[in-house]
Amino acid sequence: MGIIFDWIDSKFNIKKPHKRFFKRVIPQKLSFFHCLGGITFTFYLTSVISGILLSIHYIPSETEAYASIVHIQKDVLLGWLIRSVHKWSATLFIVFILLHTLRVFISRAYRAPRELNWIAGTLTLLIAFSSGFTGYLLPWDQKAYWATEVGTAMSGTIPVIGENILLAIRGGSDITGLTLIRFYSIHVLWLTIAMSISLWIHFHIIKRNGISGGM
Ligand code: HEM
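Remember, predicted model here, so these are calculated numbers, not experimental data.

The number of helices and strands found in the protein chain is 9 helices and 0 strands. In terms of principal-axis extent, the alpha carbons of the protein chain reach across some 55 × 50 × 30 Å. For the protein chain, the residues scored as buried account for 28% of the 215 residues in total. For the protein chain, long-range pairs separated by at least 24 residues make up 69% of all intrachain contacts whose partners lie at least 6 apart in sequence. Here the protein chain has roughly 14200 Å² of accessible surface; of this, 71% comes from carbon and sulfur atoms. Averaged over its 20 positive side-chain charges, the protein chain has a centre that lies 21 Å from the centre of its 10 negative ones.

Structure follows, in structure tokens:
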């Protein structure tokens, strides 16, 4: 094993940067509350992996979306489990992102030199909420349809630009197969890319500044 690892290391130079990672200095007064960000990340990764598995069988089409969900639930090997893992990891992701934000707020870790990380975090929060909202439509059942009807209608009440925003989100005046494809694309592609970029920024700043002590 050692020979194989050394050979891989000679090509990729993995050991040296990771040694630096484990030798990083962290404040002495860290508590469980400082794990909330890491727990959030774990739930995010779980939802991404289970989502990739779901995408193998899910069909984002007006006529087949609901049937493909029933197929995943009933016929696909462990499909019911993968779907539950996706739903619960996504739910816990939102719960823990809020707890993490609360911890940062209470311990006032948003102050200089971490103010840019608070801004990057806020962006991450918006992306997380948008992921939840777009994912909710995908089962294409009554609950999904009417929740999206109400949720998207709210944007139509914004003065002056509301009507255009509503048309852009729905892909027309009503919720149709076009809305479903739009939401699917935003859910699996656009928001995943946006989240990867914003998390990279978030982690890069943490690496630069370190974690604040206290609480
Ligand atoms: C996917 C969402 C997020 C993940 C995975 C994440 C992850 C993390 C991790 C691992 C840390 C270092 C350990 C810790 O303090 O918990 C951290 C720190 C921090 N996060 Fe987040 N975070 C997320 C969202 C947010 C949000 C929504 C905000 C605020 C609006 C935020 C603001 C901060 C700040 C200011 C720090 C530095 C805290 C300190 O140094 O004490 N994060 N984040």
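Next comes the rest of the account.
Quick look at the site of the ligand now. The full set close to the ligand counts 26 residues, and H100, R103, R114, H202 and S212 are the nearest of them. In the environment of the ligand, an oxygen atom lies 2.9 Å from a nitrogen or oxygen atom belonging to the backbone of H34. Taking G37, its main chain carries an N or O atom lying 3.2 Å from an oxygen atom of the ligand. If you list the elements that add at least two residues to the shell around the ligand, you get α3 (36-54), α5 (79-106), α6 (115-137) and α9 (177-209).

So, on to the packing of aromatic side chains. The geometry of an aromatic ring pair is captured by two quantities: the separation of the ring centres and the angle between the planes. Taken as a whole and assessed by the stated rule, the structure comprises 11 aromatic pairs. With centroids separated by 5.0 Å and ring planes inclined at 85°, the aromatic side chains of F41 and F203 adopt a geometry described as edge-to-face. Separated by 162 residues along the polypeptide, F41 in helix α3 and F203 in helix α9 bring together distant segments of the chain. Given the relative accessible area of 33%, F203 is considered partly exposed. Taken together, a centroid distance of 5.8 Å and an interplanar angle of 55° make the contact between F133 and F183 tilted. Taken together, the residues span a long stretch of sequence, with F133 in helix α6 and F183 in helix α9 at a distance of 50 residues. Exposure remark for F133: the relative accessible area of 34% places this residue in the partly exposed category. Residue classification places F183 among the buried positions, given a relative accessible area of 2%.

The protein atoms donating to the iron atom of the ligand are H100 (NE2) and H202 (NE2), with metal-donor distances spanning 2.0 to 2.1 Å. Around the iron atom of the ligand sit 6 donor atoms; with metal-centred angles ranging over 87 to 179°, the donor geometry is octahedral. Pair noted here: H100 is in helix α5 and H202 is in helix α9, with a separation of 102 residues, a long-range link. Across the pair, exposure class does not vary: H100 and H202 are buried alike.

Conventions and cut-offs
Residues numbered from 1 in each chain as written. Predicted model: local features only at pLDDT ≥ 70, side-chain atom pairs only at ≥ 80, totals over all residues. Heavy atoms only, no water. Helix = DSSP H or I, 4+ residues; strand = E, 2+ residues; numbered from the N terminus. Buried < 20%, exposed > 50% of the residue type's maximum accessible area, 1.4 Å probe, protein only. Contact = heavy atoms within 4.5 Å. Areas by Shrake-Rupley, 256 points an atom, 1.4 Å probe, with all protein chains shown as cover. Lys, Arg positive; Asp, Glu negative; His and termini not counted. Charge placed at Lys NZ, Arg CZ, Asp CG, Glu CD. Near = heavy atom within 4 Å. Polar contact = N/O pair within 3.5 Å; in protein donor to acceptor, adjacent residues only side chain to side chain. Phe/Tyr/Trp six-rings, centres within 6.5 Å; stacked < 30°, edge-to-face > 60°. Donors = N, O, S within 2.8 Å, 3.2 Å for Na, K, Ca; no water. Tetrahedral: all angles 85-135°; square planar, octahedral: opposite > 155°, others 65-115°.

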